[in-house]
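Chain and residue survey
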Number of protein chains: 2
Amino acid sequence: MKILHSEPSCDGFRMPAEFSRHYGCIMIWPHRRDSWQYGAYEARKAFAEVIKVIAKSEKVIVCARYDDYDSARSMLPDNVRIIEMESDDSWARDVAPTFVTNGSVIRGIDWGFNAWGGLKDGLYFPWDKDNKMARKLCDSLDADCYDQRDFILEGGSIHTDGEGTLLTTEACLLSKGRNPDLSKEEIEEKLKKTLGIQKIIWLKCGIYNDETNEHIDNICAFTAPGEVVLAWTDDTDDPQYAMSKSCLDILENTTDAKGRPIKVHKLPLPKPVCITQKECDGLDDLNGEPTRIPGERLAASYVNFYIANHSVICPQFGDDNDQQAIAILSRLFPDREVVGIQARDILIGGGNIHCITQQIPFFD
Amino acid sequence: MKILHSEPSCDGFRMPAEFSRHYGCIMIWPHRRDSWQYGAYEARKAFAEVIKVIAKSEKVIVCARYDDYDSARSMLPDNVRIIEMESDDSWARDVAPTFVTNGSVIRGIDWGFNAWGGLKDGLYFPWDKDNKMARKLCDSLDADCYDQRDFILEGGSIHTDGEGTLLTTEACLLSKGRNPDLSKEEIEEKLKKTLGIQKIIWLKCGIYNDETNEHIDNICAFTAPGEVVLAWTDDTDDPQYAMSKSCLDILENTTDAKGRPIKVHKLPLPKPVCITQKECDGLDDLNGEPTRIPGERLAASYVNFYIANHSVICPQFGDDNDQQAIAILSRLFPDREVVGIQARDILIGGGNIHCITQQIPFFD
């Protein structure tokens, strides 16, 4: 593994869209007892369900801590590769490398990671194990690695169409806990040079109460070039309404890198999903403080799906809109099977199916 | 990774010779402070020298503990892959899988490992991290894994010509700390079925004071089908003389699996190498006891070389015979460069260059 200090786009590399062909997917076996209720017992079952579906059409590589290897091996299918790796938590989207390709090889980008806001408004301390994963994953895959650790970024805060357009949110990328010394223009420049982007579409915000400072991957995702899904509610009394409406207004009044207008498909939200007393009772404290409060609204959204080679894996919440979400995605991904997985036990950790995955683009 | 409970030879798999083409080589970054003097500082430099030579002609995969990853990465070349893995010590030959192949894929054999004798006469306790490595290495390589953990065996106790013959020592394989409930015939049967062997040549013993119960890989090694090198001294007062002579007598009076007589090339031993007071001072105690005593004779032997695709890496001891060993091996391996590496800092740990390597056969 070479450590590279150049800019990927200058080397002819760019980040492909998630709906492009994958080599595989990186995930992390959950373990953190203040994130996952009851010793991550139910979370592991939910992760395993997700992994089994993805592994039908691409290689899944699961990072497990030394102590968790046997648990992972016993719960996962044979065709899943498990590699030993320490982690602080289990959000592969945010701690694994963002992969770029020139068509024939892949390279990883090792962004700085500070647990979604560092000492300003991050979610845990320390985060050094997470921050070391991207580089080690490149090493394990024999992929060269771009050192971008001076720039704080999580994979969940960016979506690309693979044709020069990037979607993100101001709430996250301009947050004070990430790169406070960089202007919006400097951040734009960084994203363009590292990811091979020509046009950035900035939404103002994400999903209500999303503790990542409102990652893009919970509210809006490309389904094809020029087409996105947007998490939506018609309930004007819900604080999410104004947030989603502001995103819609921006999307309907912009064009992508190719000059195309954006076709927006509304993906209805489930009714508010709130954590119960019993679920909170199953969470260890963090530094003597509870990590969740009973009744707290979780950032549930169907947009947090993962696009595998032959399937789309979509969270389900036991809500009336579960089936509608699957129907809409099935229409948008006619060549893929849309598989719903009950994801409440992933959501309790703070994210969802997209957050626990990181695709590796296909390469020859 | 599938866990297989069948016998490799019944599945059409066999262990190739070390002098056959390799895919690569597994090694482990040293760390154990009661094995390696002064915090493994010098040992790491010696390991790095070995790795650099091997990595010129095959892929080297180095297992490093979480805490040691940065050290390994900073000391090793870019083309070496470093993977995170816990270990008790650093003897890849004995804890990594023994690989078998059917010509198109490789599979690993996960033998039981008990630190060279378990509670009977093993060298440390616990050894569970080492014992888990073979399986995890198979997983990391996407190789299926034969579960042979009920049978205690280290890779350093066997050598094969790849044509049906296996060399081993009675001192080791019939020791009371390994498989005391199995007869010699049952052990023969196990080796034949797992490794694809038809004929086992049992030497009585190995190198004097070799704490592995006298592994074969320190005294005798195949250099080609029908040809071996044997560690040798002409000093009849040295206890090694009778040991080497007994091996010579056996080798000169047997044939290999193909019915060929064995051509024995004597490889002179260095003069006795003994550990110094200063070296012992650099070793942490184990359970309150020193692991070495000043003046203790170490099991130094030039036979403990590694055969890489384009080179043979041979230990050097600052002895008059260093050059002769290289000259003999150069004659026996005319297509490979024989590279000598000062190996005292490896020897202090109890083994040598062959012991810290494990080849992965080439596969398509």
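Scope of this entry: the structure provided in the associated data block. Here the residue index of a chain counts from 1 through its sequence in written order. Lettering for chains starts from A, numbering for ligands starts from 1, and both go in the order in which the items are written. In keeping with the predicted nature of the model, local features appear solely for residues at pLDDT of at least 70, side-chain atom pairs appear and are counted solely at 80 or more, and the whole-chain, interface and lining totals rest on all residues. By convention in this description, side-chain values take in all heavy atoms of the structure and omit both hydrogens and water.

1. Considering empty space enclosed by the protein
Quick note on the threshold: Here the term cavity refers to a set of points on a 1 Å grid, laid over the protein atoms alone, in which a 1.4 Å probe fits but cannot get out; the term pocket refers to an open set having protein on both sides within 12 Å along at least five of seven lines, with lining residues being those that place an atom within 4 Å of a point. Grid points are joined across faces, edges and corners, and a volume is the space filled by probe spheres set on the points. The numbering of helices and of strands both runs from the N terminus, where a helix is a DSSP run of H or I of at least 4 residues and a strand a run of E of at least 2. Amino acid classes used here: Ala, Val, Leu, Ile, Met, Phe, Trp, Tyr, Cys and Pro are nonpolar; Asp, Glu, Lys and Arg are charged; the rest, including Gly, are polar.
Under the definition given, this model contains eleven cavities of 30 Å³ or more. For the largest cavity, the lining is made up of 15 residues, of which I83(A), S140(A), R81(B), I83(B) and S140(B) are closest to its centre. Counting residues per element, the ones that place at least two in the lining of the largest cavity are β4 (81-84) of chain A together with β4 (81-84) and α6 (133-140) of chain B. The residue inventory of the lining of the largest cavity, partitioned by class, reads nine nonpolar, two polar and four charged. Lining the second largest cavity are M15(B), P16(B), A17(B), S20(B), R21(B), H22(B), T98(B), F99(B), Q358(B), Q359(B) and P361(B). Residue assignment for the lining of the second largest cavity shows that the elements contributing at least two residues are β5 (98-101) and β19 (358-361) of chain B. In terms of residue count, β19(B) provides more of the lining of the second largest cavity than any other element does, three residues in total.

2. Section: the sheet that holds strand β1 (residues 3-4) of chain B
Residues and elements named next belong to chain B. The following threshold applies: Should DSSP find at least two bridges between two strands, the strands are regarded as paired. In what follows, a contact means two residues having at least one pair of non-hydrogen atoms within 4.5 Å. Axes here refer to lines fitted to C-alpha atoms; in helices the fit is confined to the stretch in contact. Angles between the N-to-C directions go from 0 to 180 degrees.
Read from one edge to the other, the open sheet built from four strands follows the order β1-β7-β6-β5, with strand pairing classed as mixed. Each end of this open sheet is capped by a strand with a single partner; those strands are β1 and β5. Here β5 pairs with strand β6 (residues 106-112) via four bridges, running antiparallel. Opposite F99, over in β6, you have G108 as the bridge partner. This element, α6, spans β1, β6 and β7 (144-152) of the sheet and lies at about 175° to β7. Here helix α8 (residues 184-195) sits on the sheet in contact with β5, β6 and β7, set at roughly 170° to β7.

3. Observations regarding α8(B)
Residues and elements named next belong to chain B. Rules: For a helix, the expected span equals 1.5 Å multiplied by the number of residues minus one. Burial classes: relative accessible area under 20% of the type maximum marks a residue as buried, over 50% as exposed, and values in between as partly exposed (1.4 Å probe, protein chains only). Working note: the arc is built from the helix axis to C-beta atom directions.
Between its terminal C-alpha atoms α8 stretches 16 Å, which fits the 16 Å expected from twelve residues at 1.5 Å a residue. Residues of α8 that are buried include every one of I187, E188, L191, T194 and L195, and no others. The arc enclosing the buried residues of α8, seen along the axis, measures out at 145°, which places them on a common side. Buried residues along α8 sit in contact with β5, β6, β7, β9 (165-169), α7 (170-173) and β10 (199-203). A positive phi of about 75° marks G196, the residue just after α8.

4. Observations regarding the side chain of N304(B)
Residue and element names in this part refer to chain B. Formally: Two N or O atoms form a polar contact when they lie within 3.5 Å of each other; inside protein one atom must be a possible hydrogen donor and the other a possible acceptor, and for residues adjacent in sequence the pair counts only when both atoms belong to side chains.
Checked against the element boundaries, N304 lands in the loop between β15 (297-298) and β16 (306-307). For N304, the side chain forms a polar contact with the side chain of N218, separated by 2.9 Å. In this structure the side chain of N304 is engaged in a polar contact, spanning 3.2 Å, whose partner is the backbone nitrogen of C355.

5. Regarding the sheet that holds β9(B)
Residues and elements named next belong to chain B. The three strands are arranged β8-β9-β10 in an open sheet whose pairing can be described as mixed. Pairing within the sheet leaves two strands with one partner each, and these edge strands are β8 (159-160) and β10. Each of β9 and β10 touches α8; the most contacted strand, β10, lies at about 130° to it. The sheet strands contacting helix α9 (residues 239-252) are β9 and β10, and the helix crosses β10 at an angle near 155°.

6. Notes on the environment of F317(A)
Residues and elements named next belong to chain A. Tracing the backbone shows F317 in the loop between β17 (311-316) and α11 (322-332). Using a relative accessible area of 12% as the deciding quantity, one classes F317 as buried. Spatially, the C-alpha atoms of F317 and V62 are 25 Å apart, while their sequence positions differ by 255 residues. Ignoring any residue separated from it by four or fewer positions in sequence, one finds F317 in contact with P270, V273, A300, S301, Y302, D322, Q342, L347 and N352.

7. Some words on the interface of chain A and chain B
Rule in force here: The term buried area denotes the loss of accessible surface (1.4 Å probe radius) that occurs when two parts are joined, taken as the sum for both partners. The term salt bridge refers to a side-chain nitrogen of Lys or Arg lying within 4 Å of a carboxyl oxygen of Asp or Glu.
Chain A puts 24 residues into the contact, and the matching count from chain B is 24 residues. Between chain A and chain B, the buried area comes to about 2100 Å², and carbon and sulfur atoms account for 42% of it. It is Y66(A), E84(A) and D139(A) in chain A that bury the most area against chain B; as a group they hold 29% of the surface buried on that side. Where D142(A) meets K59(B), a salt bridge forms, and the shortest distance between an N and an O atom there is 3.0 Å. On the surface where chain A and chain B come into contact, there are 18 residue pairs in polar contact (both at pLDDT 80 or more). Secondary-structure elements contributing two or more residues to the side of chain A that touches chain B are α2 (69-75), β4, α5 (128-131) and α6 (133-140) of chain A. Residue classes in the side of chain A that touches chain B are distributed as seven nonpolar, two polar and 15 charged.

8. Some points on the pairing of β4(A)
All names here are of chain A. In plain terms, the rule: Handedness is read with the strands pointing away from the viewer; a crossover is right-handed when the path from the first strand over the helix to the second is clockwise.
A two-sided burial pattern is seen for β4, the buried positions comprising R81 and I83 on one face and I82 and E84 on the other. As judged from the four bridges shared by strand β3 (residues 59-64) and β4, these two strands associate in the parallel manner. Along β4, the bridge assignment pairs V62 with I82. Assessed by its sense of winding, the connection that carries the chain from β3 through α2 to β4 is right-handed.

9. What to know about α11(A)
Residues and elements named next belong to chain A. Looking at α11, one finds that the buried residues are D322, A325, I326, I328, L329 and L332. Buried residues of α11, seen end-on, are gathered within an arc of 165° and therefore sit on one face of the element. Across α11 from its buried face, at more than 90 degrees, point the exposed residues Q323 and R331. As for α11, its buried residues are in contact with β11 (220-224), β12 (227-232), β13 (263-268), β17 and β18 (337-342).

10. Topic: the relation of the copies chain A and chain B
To keep things clear, this is the line we draw: Residues reaching a pLDDT of at least 70 in both copies supply the C-alpha atoms on which the copies are superposed by least squares.
When chain A is fitted to chain B, the residual RMSD is 0.0 Å, and the transformation amounts to a turn of 180° plus an axial shift of 0.0 Å. The relationship between the two copies is best expressed as a two-fold rotation axis. Minimal C-alpha distance to the rotation axis in chain A is attained by E84(A), lying at 3.0 Å. By residue overlap, the copies meet face to face through one surface: 100% of the interface positions of chain A are interface positions in chain B.

11. Regarding the pattern of salt bridges
Applying the stated criterion to the full structure yields 62 salt bridges over all chains. Here K129(A) and E86(A) are joined by a salt bridge, their closest N and O atoms 3.4 Å apart. In this pair, K129(A) sits in helix α5 while E86(A) sits in the loop between β4 and α3 (92-95), placing the two residues 43 residues apart along the sequence. K129(A) sits in the partly exposed class, given a relative accessible area of 27%. Here D68(B) makes a salt bridge to R65(B), at a shortest N to O gap of 2.9 Å. For D68(B), a relative accessible area of 6% translates into the label buried.

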